[in-house]
Amino acid sequence: MSEKSHTWNYRNRRTFLKSVGATMGAVGYGSTTSGARNEDSDDDDEREDWWPGPRSGPARTGSTDESGPMPYAALDWQMDLDGSMYNVEPIVADETVYLAVTTDNSAAENDGYIGAYDLETGDELWQRADLPAPKTPGLSDEMIYFASQVLESSDSDEGGFYALDMETGQTMWTRKDHDVWSPPVISNGIVYSSNRDGTFAFDRENGDTVWKADGIDGLADDVGDALTYADETVFTSNGRALDADNGSTMWRVPPENGTLGNPTVHDEMVYYTRTEYIVGDDDRISVEARSADTGAVEWSYDSGNNRWDGRLSVTDGRVILLDSTPEETSVMALDADTGTEDWTAEVEGTFFSSPSVGDGTVYIGGQYAPDSTSSAGQALVHAIDGATGDKKWSYLLDGSDLETSPEDPPAAGTPVVADGKLVATTYPAGSTLDYGYVYYSNLFVLESCDERPDADNRLPTDDESDDQCAHPKPEACIEATPNPDSDDIDAGDTIRFDASCSTGCELQFEWNTDGDGQFEETGSSVCVTVPTCGSLTVELEVTDANDDTDTASVSVSAN
């Protein structure tokens, strides 16, 4: 491994605009402590409620337990990126948003920066501007890791794999033995990545090779370029499962079985987004589900005429994908166990990014254009109920105070959800010139709001009458796992209470879990520990968009 030292510097904050004149909600709709660093643990799986890497974490599910803006969204802050994050996700941890930005992507030059910003205010904490263009980073408890976007054909000598101090941005170590690496997966003190020679495990403290699986790499460019980790197994995009301890092959998909790509792991299943564009067919996107233990095919789904080439989200027993044609875009939910269609929701706009899920709500970013006039579009984010497919809210991102392309209207990329906020970047959709993506990309952070968006941020098709829902009054419902009436419930056991069975319009959930009469927790589910003595009554209050309420309660005691 070759080492190369770098100078580093702090830079002044780039263009920063705080929104004014909007009424903001005071509630974050999610725990602000779930992202706190666990100083006593080196296990990165503790960070499941953060968004610490590509597609939210090692399993690449694109899902988190954190809540996004509810019941409506409003602009919190925005900034000019002075570069591009096209196909690169923001990541969030410790109430900090980390941005990986490309500022030059020509054949001869490949420049970028990594910046850390306060999620609440947008204030710059640090920025490293002497780096090559970065792919989406990943975080451990102390460091941020990223691979460069240097192409194999590039003349640049700055390609490689970098580790920076998470608090300062200072370079801790680099891998310069290869120019092209896949985005990192970090778990249990190990960083996993791959290149054309093989798949590697690095020591996260110094970058030394722990093991190398020779000749086992991902596929070319966007079809592969991804590893996934779950249950001490590393899954590659070309259909191999490797032992995370030593890199040995546990199972593999025979090459004759076709092209795989972009694995996602959830509940002992690995899901591949298969595409046939390598063999010349741009309109065939399918999902293939295999056993994570054996690699055996469990089910497959062919979406037919589908131009979408993003990545799946998997959560709450559903696989979420987009079905995008020239005529319309739909969000689809497949049963994660069988592949059968659960629901389909048609959405206004054009969408090519990947969906994200926060606390059971699906978020997608794209573009809304009222007609075929190319300069009339706006970036758009939809929030959709993950259980039913019903739309919760839509929000048009107003970039009029930022620099945008005069020819190509912006589209929103993949949203990221953390700490009750939604973070999304935009890019000039349809631009045929690379420099357009660099010069005209921006960042938006949305927060919760009790009032629906104003006319500048609302779809024209969203009628004012939507403010008052024509639904029956809400009915609170609690489902518990395991059943509190079971004879096997002991003191100290954990019971999960889920309010998703409640009915009503745009419900908000509040819980009293300690019997003090105060509703101190929010979200559609909570976990409660069975008391040692006596019983505990868990109360739920649901509130709909008309401010009507209903309550339900369950008593818990050791049996």
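A. Just the packing of aromatic side chains, in detail. Applying the stated criterion across every chain, the model contains 16 aromatic pairs. Geometrically, the ring pair formed by Tyr-86 and Tyr-427 is edge-to-face, given 4.8 Å between the ring centres and 65° between the ring planes. Within this pair, whereas Tyr-86 is found in the loop between strand S3 (72-80) and strand S4 (91-93), its partner Tyr-427 is found in strand S34 (residues 421-428), the two being separated by 341 residues in sequence. In this structure Tyr-427 comes out as buried when scored by relative accessible area, which is 12%. A network of ring pairs unites the aromatic residues Tyr-145, Phe-161, Trp-173, Trp-181, Phe-200 and Phe-202 as a single cluster.

B. Structural detail: empty space enclosed by the protein. One pass over the structure, following the stated rule, counts 3 cavities of 30 Å³ or more. Computed from the structure, the second largest cavity encloses a volume of approximately 60 Å³. Only strand S16 (227-230) and strand S20 (263-266) provide two or more residues apiece to the lining of the second largest cavity. Residue composition of the lining of the second largest cavity, by class: 4 nonpolar, 4 polar and 3 charged.

C. Structural view of the sheet that holds S16. The 4 strands lie next to each other as S16-S17-S18-S19, forming an open sheet whose pairing is antiparallel. The open sheet has two edge strands, S16 and strand S19 (249-252), and neither has a second partner. On average, each strand axis in the sheet is inclined to that of its neighbour by 20°, with strand direction left out of account. Two strands pair when backbone bridges link them, and strand S17 (residues 233-236) and strand S18 (residues 240-243) are joined in this way by 3 bridges, in the antiparallel orientation. Paired with Val-234 across the bridge in S18 is Leu-242.

D. Structural view of the sheet that holds strand S39 (residues 521-522). An order of S39-S38-S41-S42 is seen for the 4 strands of this open sheet, with the pairing classed as antiparallel. Unpaired on one side and paired on the other, S39 and strand S42 (549-557) mark the two borders of the sheet. Here strand S38 (residues 508-512) runs beside S39; their pairing, made up of 2 bridges, is antiparallel. Bridge assignment links Glu-510 to a residue of S39, and that residue is Thr-522.

E. Highlighting the state of the cysteines. By the definition in use, this model includes 1 disulfide. One disulfide bridge connects Cys-477 with Cys-501, the sulfur atoms lying 2.1 Å from each other. Where Cys-477 bonds to Cys-501 through sulfur, the torsion about that S-S bond is close to -100°, and the disulfide is left-handed. One end of the pair, Cys-477, is in the loop between strand S35 (442-449) and strand S36 (479-481); the other, Cys-501, is in the loop between strand S37 (494-498) and S38, with 24 residues separating them in the sequence.

Cut-off values and rules
- Counting restarts for each chain: residues are numbered from 1 in the order of the written sequence.
- In view of the model being predicted, local features appear only for residues whose pLDDT reaches at least 70, and side-chain atom pairs are presented and counted only at 80 or more, with totals across whole chains, interfaces and linings using the full set of residues.
- Side-chain measures were taken over the full set of non-hydrogen atoms in the model, leaving aside hydrogen atoms and water.
- Geometry of aromatic contacts follows a simple scheme: Phe, Tyr and Trp rings, the Trp one being its six-membered ring, pair when their centres are within 6.5 Å, and the pair is stacked under 30 degrees between planes, edge-to-face over 60, tilted otherwise.
- Labels follow the DSSP assignment, with helices taken as runs of H or I lasting at least four residues and strands as runs of E lasting at least two, numbered in each case from the N terminus.
- Burial classes follow relative accessibility: with a 1.4 Å probe on protein chains only, a residue under 20% of its type's maximum area counts as buried, one over 50% as exposed, and anything between as partly exposed.
- Space inside and on the surface of the protein is sampled on a 1 Å grid over the protein atoms alone, with a cavity defined as a set of points where a 1.4 Å probe fits but cannot get out and a pocket as an open set with protein on both sides within 12 Å along at least 5 of 7 lines; lining residues have an atom within 4 Å of a point.
- Grid points are joined across faces, edges and corners, and a volume is the space filled by probe spheres set on the points.
- Residue type decides the class: Asp, Glu, Lys and Arg count as charged, Ala, Val, Leu, Ile, Met, Phe, Trp, Tyr, Cys and Pro as nonpolar, and the leftover types, Gly among them, as polar.
- Here, any two strands with at least 2 DSSP bridges between them count as paired.
- For helices, the axis comes from a line fit to the C-alpha atoms of the stretch in contact; other axes are also lines fit to C-alpha atoms, and the angle between any two N-to-C directions lies between 0 and 180 degrees.
- Cysteine sulfur atoms are paired as a disulfide whenever they come within 2.5 Å of each other.

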